[in-house]
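Examination of the molecular architecture
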Amino acid sequence: MPGRVLTVDLDTVEANTRAVVEQCAAHGITVVGVTKGLAGHPEVARAMLRAGVAAIGDSRLENIRRLRAAGVDAPVMLLRVPSRSHAADVVDLADVSLNAEVAVLRALSDAAAARGRTHDVIVMVDLGDLREGVWPDQLPAVLDAVVGMTGLRLRGLGANLTCFGGVLPTEQNMGLLAELAGDAERRLGVPVDVVSGGNSSALPLIAAGRMPTRITQVRIGEAILLGRETGERRPWPGTRQDACVLHGEVIELQRKPSVPVGPRGQDAMGHRPEFDDRGTVDHALVNLGTVDTDLGALCPLDDRLVILGGSSDYVVLDATAAHGDLHVGDEVAFAVGYAALVTAATSPYVEVRTTRR
Ligand SMILES: *Cc1c(COP(=O)(O)O)cnc(C)c1O
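The structure contained in this document is the topic of the report that follows. Computed from a predicted structure; not experimentally measured.

Points about the packing of helix α6 (residues 139-147) against helix α7 (residues 171-188)
Orientation of α6 relative to α7, taken along the N-to-C sense of each, is 45°, at an axis distance of 11 Å. With respect to their mutual orientation, α6 and α7 come out oblique. For the pair α6 and α7, the crossing hand works out as right-handed. Counted together, L139, P140, L143, D144 and V147 of α6 and L180, A184, R187 and L188 of α7 form the full contact between these two elements. Its residues assigned to classes, the contact of α6 with α7 shows seven nonpolar, no polar and two charged.

What about the pairing of strand β11 (residues 280-286)?
Most of β11 sits out of view: six of its seven residues are buried. In the sheet, strand β10 (residues 244-257) pairs with β11 via seven bridges, with the strands oriented antiparallel. Bridging from a neighbouring strand, Q254 pairs with H283 of β11. Strand direction decides the pairing type here: β11 and strand β14 (residues 315-318), joined by four bridges, are antiparallel. Within β14, the residue paired with A284 across the bridge is L317.

Considering the site of the ligand
Near the ligand you find 14 residues, and of these K36, S200, R219, G221 and E222 are the closest. N160 places a polar side-chain atom, nitrogen or oxygen, 3.3 Å from a nitrogen atom of the ligand. Within the backbone of E222, an N or O atom sits 2.8 Å from an oxygen atom of the ligand.

Structural notes on helix α10 (residues 338-346)
Along α10, the residues classified as buried are A340, L341, A344 and A345. Down the axis of α10, the sector holding all buried residues measures 120°, keeping them to one side. Looking at the packing, one finds that the buried side of α10 touches β1 (5-9), α9 (222-225), β10, β12 (298-300), β15 (331-336) and β16 (351-355).

Points about the state of the cysteines
A full pass over the atoms with the stated rule returns zero disulfides. The thiol of C163 is not disulfide-bonded; the next cysteine sulfur, from C24, is found 16 Å away. Free cysteine C244: the closest other cysteine sulfur is in C299, separated by 15 Å.

Considering the side chain of T239
Assignment of secondary structure puts T239 in the loop between α9 and β10. Exposure remark for T239: the relative accessible area of 11% places this residue in the buried category. From its side chain, T239 meets the backbone oxygen of G227 in a polar contact 3.3 Å long. Those residues in contact with T239 that lie beyond four places of it in its chain are N16, A19, V20, A223 and G227.

Some words on the packing of helix α1 (residues 10-25) against helix α2 (residues 42-50)
Interhelical geometry of α1 versus α2 gives an angle of 40° and a closest axis separation of 8 Å. If you check the angle between α1 and α2, you find them oblique. Crossing hand, α1 versus α2: right-handed. On α2, the residues touching L10, V13, E14, T17 and R18 of α1 are E43, V44, A47, M48 and R50. Of the residues in the contact of α1 with α2, the class split is five nonpolar, one polar and four charged.

Describing a nonpolar patch on the surface
Among the surface-exposed residues, L130, W135 and F164 lie close enough to one another that they form a single nonpolar patch of about 370 Å² accessible area. The residue W135 is located in the loop between β6 (119-124) and α6 in this model.

A closer look at the pattern of salt bridges
Throughout the structure, instances matching the rule amount to 27 salt bridges. Between D120 and R155 there is a salt bridge, and its shortest N-O distance comes to 3.6 Å. Of the two residues, D120 sits in strand β6 while R155 sits in strand β7 (residues 152-158), which places them 35 residues apart along the sequence. For R155, a relative accessible area of 23% puts it in the partly exposed group. Residue D282 is joined to R255 by a salt bridge in which the shortest nitrogen-to-oxygen separation is 2.7 Å. Here the residue D282 occupies a position in strand β11, and R255 occupies one in strand β10, the gap between them amounting to 27 residues. Among the ionic contacts, a cluster of salt bridges with common partners joins D9, R240, D242 and R357.

Overview of the side chain of S97
Position of S97 among the secondary structure elements: in strand β5 (residues 96-99). Those residues within four positions of S97 in sequence are excluded, and the remaining contacts are L78, P82, V90, L108, H119, D120, V121 and I122.

Details of α7
Compared with an ideal rise of 1.5 Å per residue, which puts 18 residues at 26 Å, α7 spans 25 Å between its outermost C-alpha atoms and is within 8% of the ideal. Every buried residue of α7 is listed here: N173, M174, L177, A178, L180, A181, G182, A184 and L188. Residues of α7 that are buried sit in contact with α6, β7, β8 (194-196) and α8 (203-207).

Description of unusual backbone geometry
Leave glycine aside and you will find that most residues have negative phi; peptide bonds, for their part, are mostly trans. Here A39, not a glycine, exhibits a phi torsion of approximately 55°, which is positive. Classification of A39 as buried rests on a relative accessible area of 8%. The backbone phi angle of T162 is positive, close to 60°, even though this residue is not glycine. Mapped onto the secondary structure, T162 falls in the loop between β7 and α7. For T162, a relative accessible area of 16% translates into the label buried.

Analysis parameters
- Residues numbered from 1 in each chain as written.
- Predicted model: local features only at pLDDT ≥ 70, side-chain atom pairs only at ≥ 80, totals over all residues.
- Heavy atoms only, no water.
- Axes fitted to C-alpha atoms, helices over the stretch in contact; angles between N-to-C directions.
- Helix = DSSP H or I, 4+ residues; strand = E, 2+ residues; numbered from the N terminus.
- Parallel < 35°, antiparallel > 145°, perpendicular 65-115°, else oblique.
- Left-handed = near helix turned anticlockwise from the far one by under 90°.
- Contact = heavy atoms within 4.5 Å.
- Nonpolar A, V, L, I, M, F, W, Y, C, P; charged D, E, K, R; others polar.
- Buried < 20%, exposed > 50% of the residue type's maximum accessible area, 1.4 Å probe, protein only.
- Pairing = 2+ DSSP bridges.
- Near = heavy atom within 4 Å.
- Polar contact = N/O pair within 3.5 Å; in protein donor to acceptor, adjacent residues only side chain to side chain.
- Arc of directions from axis to C-beta.
- Disulfide = S-S within 2.5 Å.
- Patch = residues over 30% accessible without salt bridge, like charges linked within 9 Å, V, L, I, M, F, W, Y side chains within 5 Å.
- Areas by Shrake-Rupley, 256 points an atom, 1.4 Å probe, with all protein chains shown as cover.
- Salt bridge = Lys/Arg side-chain N within 4 Å of Asp/Glu carboxyl O.
- Expected span 1.5 Å × (residues − 1).

Taken by themselves, the reported measurements are silent on function.
This is the structure we're talking about:
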């Protein structure tokens, strides 16, 4: 597969999704399948839906527009808290959004009311990771405001962890979310149906049977697309790690020293790299660079190849251990971490190609 291609195997995505959906269902939890790692790819969303996710989630309105344009009519959740200036698009494109700002909620309500509709919202609580969400002591005031907005329907509470602060879900912080949901029901006198407890970092707690029963939903991307939980990035049981593979092509292969020759300043990215002396090596250039993907989150599938570094348009490999086996024009395949996946999927220079195993 020459060129520069991100392959996504839809059968593997479907099987990974089915594994996660079944594990969560055993604990009374439904799954929102998150497509943002592949820029809202409609075929990926369909594979997740075939495997039983209750809804699709994505962080970008552009991606949701792409899903809608391709005819995906399943419920869609907007994951990134919306910009006030995009309230009308949010109401038009998403069935439910995650929110934490009263000013934005008011704009959503106005936009929905102007269309004669209601928009569903989940209010996000910050349980300590310090990304989105209201601090727990502010929650009652925000909830009171939401129930007074005629264009909105409060669907529930949510929280997101392990994204900014690296905080792991625990019985304690998930217990607090459950407790806040109970408080909200008593305060408002309406059922809080959805308690959306987290992302791929929540799977270990669920599988251990320690997720509080009040948690009804999780939003899962990486465990489906890359087969890993995200607290420690361990392979997740029942899933495969090879659904997504990035392919490049060898464009130069020369014998060269492994340490640069001459006085040194900065590299292309403004860093001062360090080099191990590996002697003279088979020095291979591959046609993938930082413009195409995050080179720090790539790992060659052929373990004889070692990434030495890269720049905007090249990855530099030590291919000495594959001497005689690798040639100019050959394909090199890389496993991708999340940062490599999402940058490749959104780079205009990388073709995304779906496969069936
Ligand atoms: C990205 C995201 C998710 C999915 O996270 P994964 O680690 O890929 O499972 C869930 N919720 C929110 C709010 C997100 O932004």
